[in-house]
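Listed below, chain by chain, are the residues.
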Protein chains: 2
Amino acid sequence: MIQPKMNQKELITPNTTAQIYNIIRHNGEINRMGITRISGVSKSTISLQINKLIKLGLVEEKTPPDSSQRKLKLRIREDLGYVAGVFLGITKLSIIIFNLDMQITCERVHYFDSISDPEQCNKEIIRQLKELCAEHGIQRLWGIGIGFPFPVNFREGKPDSPPNVPLWHDYPLRKIYEKEFGCPVLVDNDVNVMALGEGYKGCTTDESDFLFVKVGTGIGAGLIVDGKIYRGANGCAGDIGHIAVDGSAVRCHCGNKGCLEAVTGGKALAVRAMEIAENGESPYLKEVLTRKEQLTAGDINNGAIIGDLSCIQLIKDAGNAIGEVLAKLVSFFNPSSIVVGGGLSGFGNLFIGAIREAVIRRSLHLATYELNVCISELKEKSGPTGAGTLIIDHIFSSQEFTSTIKRNLTPG
Amino acid sequence: MIQPKMNQKELITPNTTAQIYNIIRHNGEINRMGITRISGVSKSTISLQINKLIKLGLVEEKTPPDSSQRKLKLRIREDLGYVAGVFLGITKLSIIIFNLDMQITCERVHYFDSISDPEQCNKEIIRQLKELCAEHGIQRLWGIGIGFPFPVNFREGKPDSPPNVPLWHDYPLRKIYEKEFGCPVLVDNDVNVMALGEGYKGCTTDESDFLFVKVGTGIGAGLIVDGKIYRGANGCAGDIGHIAVDGSAVRCHCGNKGCLEAVTGGKALAVRAMEIAENGESPYLKEVLTRKEQLTAGDINNGAIIGDLSCIQLIKDAGNAIGEVLAKLVSFFNPSSIVVGGGLSGFGNLFIGAIREAVIRRSLHLATYELNVCISELKEKSGPTGAGTLIIDHIFSSQEFTSTIKRNLTPG
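Colleague: Kindly report on the sheet that holds strand E6 (residues 143-148) of chain A, identifying the contributing residues and their values.
Modeller: Residues and elements named next belong to chain A. In spatial order, the strands read E5-E4-E3-E6-E9; together these 5 strands make up an open sheet with mixed pairing. Bordering the open sheet on either side are strand E5 (104-111) and strand E9 (185-189), each of which pairs with just one other strand. Adjacent strand axes in the sheet meet at a mean angle of 15°, parallel and antiparallel pairs treated alike. As judged from the 5 bridges shared by strand E3 (residues 82-88) and E6, these two strands associate in the parallel manner. Following the sheet pairing, phenylalanine 87 is matched in E6 by glycine 147.

Colleague: Provide a residue-level description of the interface of chain A and chain B, including the pertinent values.
Modeller: On the chain B side, the residues contacting the 60 residues of chain A number 60 residues. Counting only elements with at least two residues in the side of chain A that touches chain B, the list comes to helix H1 (8-11), helix H2 (16-27), helix H3 (32-39), strand E11 (219-225), strand E12 (228-230), helix H12 (309-333), helix H14 (365-368) and helix H15 (382-395) of chain A. For the side of chain A that touches chain B, the class distribution of residues is 28 nonpolar, 22 polar and 10 charged.

Colleague: Could you give an account of the domain arrangement of chain A, with specific residues and numbers?
Modeller: Residue and element names in this part refer to chain A. Entries for chain A in the domain assignment read domain 1 (14-76), domain 2 (80-197 + 382-409) and domain 3 (206-376). Between the C-alpha centres of domain 1 and domain 2 the distance comes to 29 Å. Facing 12 residues of domain 1, the contacting portion of domain 2 comprises 10 residues. Ranked by the residues each element gives to the side of domain 1 that touches domain 2, the list is headed by H2, at 6 residues. Within the side of domain 1 that touches domain 2, the residues separate by chemical class into 6 nonpolar, 5 polar and 1 charged.

Colleague: Describe the sheet that holds strand E14 (residues 372-375) of chain A, and please don't skip the residues or the numbers.
Modeller: All names here are of chain A. The strand order across the open sheet formed by 5 strands is E12-E11-E10-E13-E14, and the pairing between neighbours is mixed. Where the open sheet ends on each side, the last strands, each with one partner, are E12 and E14. Ignoring which end each strand starts from, the neighbouring axes of this sheet average 25° apart. As judged from the 6 bridges shared by strand E10 (residues 210-215) and E11, these two strands associate in the antiparallel manner. Looking across to E11, one finds that phenylalanine 212 is bridged to glycine 222.

Colleague: Quick one: what's the story with H12 of chain A, residue by residue and with numbers?
Modeller: For an α-helix, the turn length of 3.6 residues means that residues three or four places apart are oriented alike. The end-to-end C-alpha distance of H12 of chain A is 35 Å, a good match for the 36 Å that 25 residues give at a rise of 1.5 Å each. Looking one or two places after H12 of chain A, you find asparagine 334 of chain A, whose phi comes out positive at around 45°.

About the thresholds
Residues numbered from 1 in each chain as written. Chains lettered and ligands numbered in written order. Predicted model: local features only at pLDDT ≥ 70, side-chain atom pairs only at ≥ 80, totals over all residues. Pairing = 2+ DSSP bridges. Helix = DSSP H or I, 4+ residues; strand = E, 2+ residues; numbered from the N terminus. Axes fitted to C-alpha atoms, helices over the stretch in contact; angles between N-to-C directions. Contact = placed C-beta atoms within 7 Å. Nonpolar A, V, L, I, M, F, W, Y, C, P; charged D, E, K, R; others polar. Domains from an automatic or database assignment. Expected span 1.5 Å × (residues − 1).

In structure tokens form, the structure reads like this:
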């Protein structure tokens with residue numbers, strides 16, 4: 001309702017052709033009347049733009065084979081091109097190649113022993129991506145979106161002071177991939193990309209303001225505001241892993257005490273599991289520890305499944321601590337949903353229930369009575385899906401549409 | 001960079017005339033070349049639109065009297081019309097009438113004994129506003145923005161469950177004012193409006209993502225995202241008064257314990273001041289209490305100014321408690337600034353310093369190294385200025401521009 005302050009970005013007249021294309025892209029099969037209704041733009045303008053899109057080969061107008069009414073519907077020509085969503089974890093690389101309708105064309109997973117050397121690691125990612133394209137006869141990509149497991153300066157397309165992999169600092173990721181593949185590349189941090197993926201295809205597709213919380217070794221949040229990633233003034237919005245948990249004195253590697261990540265991240269839970277195995281509080285974990293040297297979050301989960309009370313309590317306590325921090329953020333940010341992803345979301349409903357309970361207990365009624373707290377629907381696909389979404393939304397944006405078409409649909 | 005999801009709102013083609021008018025409005029005197037540069041729109045389109053604006057009488061093109069270069073500059077015709085910014089506090093009504101350039105034309109303040117009866121209260125506000133207009137020969141307003149000191153359903157233009165003034169619930173504020181004045185009216189809560197005012201004319205005019213924190217009897221925040229008020233899924237974003245302060249067990253009127261407002265709001269500080277006056281900890285407050293029945297935040301401030309150590313400590317503790325909560329929100333939201341307003345901001349640099357220190361101590365370096373923590377520059381004018389900004393941005397938005405012109409500039 002209120003107009004934002006004027007600046008150059010907002011004054012570029014939107015590209016109507018791009019807008020119409022995006023309506024078709026986001027709505028699947030639709031007729032001209034439907035587009036007129038959604039867009040509020042005149043029938044004649046719509047016709048002009050659709051004819052342009054059909055001529056460009058981006059859109060086709062047909063009677064769907066299963067239609068009894070024989071009415072013409074528009075749809076995008078999905079196999080005209082492809083984008084790649086690349087998602088790097090601490091040990092796992094996931095690549096999905098999507099067609100222009102964001103349907104999965106092919107995918108692959110590759111495991112790394114270590115990602116500490118950026119040169120080696122990126123060489124391998126490039127190799128994997130090229131191999132996957134070659135296997136499926138994809139000669140060129142229209143764009144590549146990449147999510148990396150550390151802070152990223154989005155504008156520059158470079159990592160920014162990654163805490164555990166110092167060699168990655170300032171490594172010119174975007175440039176390297178752009179040069180290698182000759183197409184637009186966007187690079188962002190893992191949780192921003194996961195949030196975007198969940199909003200595009202997961203459990204929050206109709207929501208414009210929500211929170212994605214990744215709980216794994218680290219803990220971070222992705223904020224979606226008005227359907228877009230909100231990055232904050234310095235690009236570090238959502239960095240909730242070092243928010244203090246009330247009353248905790250656990251020392252964190254950052255130097256502070258009681259950081260959420262230090263209290264309830266994957267590593268912290270493994271340490272706690274070792275303690276309750278060794279002191280006999282958990283018979284299950286004690287038994288597991290006779291067979292292996294280290295306990296993991298997976299062991300805690302297995303214990304909870306077979307009814308080990310200490311394991312159940314450990315998961316509940318973790319959910320409660322996270323929920324208490326999220327309660328404050330819910331009062332402040334009033335999201336419509338909190339989607340929980342990352343490794344520890346595998347703890348399932350026991351974990352989510354504890355989070356939900358703590359959030360509701362300590363937030364305002366108005367902020368929680370419609371609040372949805374759920375597990376990521378896309379699970380490990382939220383990352384590569386979000387990376388794909390990031391780049392496809394970019395190349396078909398008003399600003400980029402014309403050059404995208406020129407680059408990919410001009411003969412020669 | 002990334003395009004938002006498609007929905008009807010975003011597809012309305014922006015009104016280029018409105019866009020050009022807003023460039024002139026936001027930039028003061030500017031020449032045609034300047035507009036071309038800012039907008040990225042072709043010279044011929046700009047010329048067409050400017051001629052339209054001049055013909056409508058909204059804009060004039062002259063050589064500024066103080067200019068040595070005799071170059072033609074465009075400026076909006078500021079006295080063509082007026083908007084009102086109305087701001088109601090618990091006891092104080094502030095009205096400012098602005099011309100179309102958001103310069104103050106006239107203003108007035110009125111005090112209420114009580115605002116608990118909405119009918120009486122609004123009758124009085126309407127009377128005051130009409131009187132002020134009449135005194136200055138203003139026959140009609142182009143729009144009215146109003147800030148009220150309780151939760152407001154912005155879409156509906158009605159209060160939503162105001163905690164201390166139950167009669168106001170669902171009172172059709174916007175409709176009443178629209179009917180009375182025959183112009184567009186927007187109604188929002190106090191702190192949202194204050195945040196907007198500060199961003200328009202105060203200490204955060206160049207910033208697009210910042211936080212305004214009002215500390216008075218209640219504590220609340222206004223979030224500005226991308227230059228606009230962020231309201232959240234249920235319109236209650238920024239409701240930080242009931243976020244728990246670590247380790248506090250003070251009972252809040254909401255039923256929970258340790259709410260920020262209950263620990264460090266104006267009332268809580270007055271109670272604490274009575275305690276340290278009565279137990280003799282503060283010689284200054286003890287002496288003041290011999291002369292009056294109740295102590296206020298103002299007494300604490302006076303004590304601090306003359307060096308009463310307990311008063312100084314009370315202010316520091318309050319700032320520290322607020323800063324600890326804000327630290328979490330800074331990690332999460334990464335604003336460029338925190339602007340502190342409301343009655344207790346009168347505590348000045350002692351208070352702001354304590355807030356700043358706590359925020360920096362407990363937030364990530366990346367989120368704080370450029371963070372600006374400051375006192376509201378507009379002070380008690382932030383409210384009516386923000387209310388005026390709310391409505392003027394609305395009536396000149398792409399959606400409203402044409403009907404605003406029709407309503408106000410068509411003869412008859």
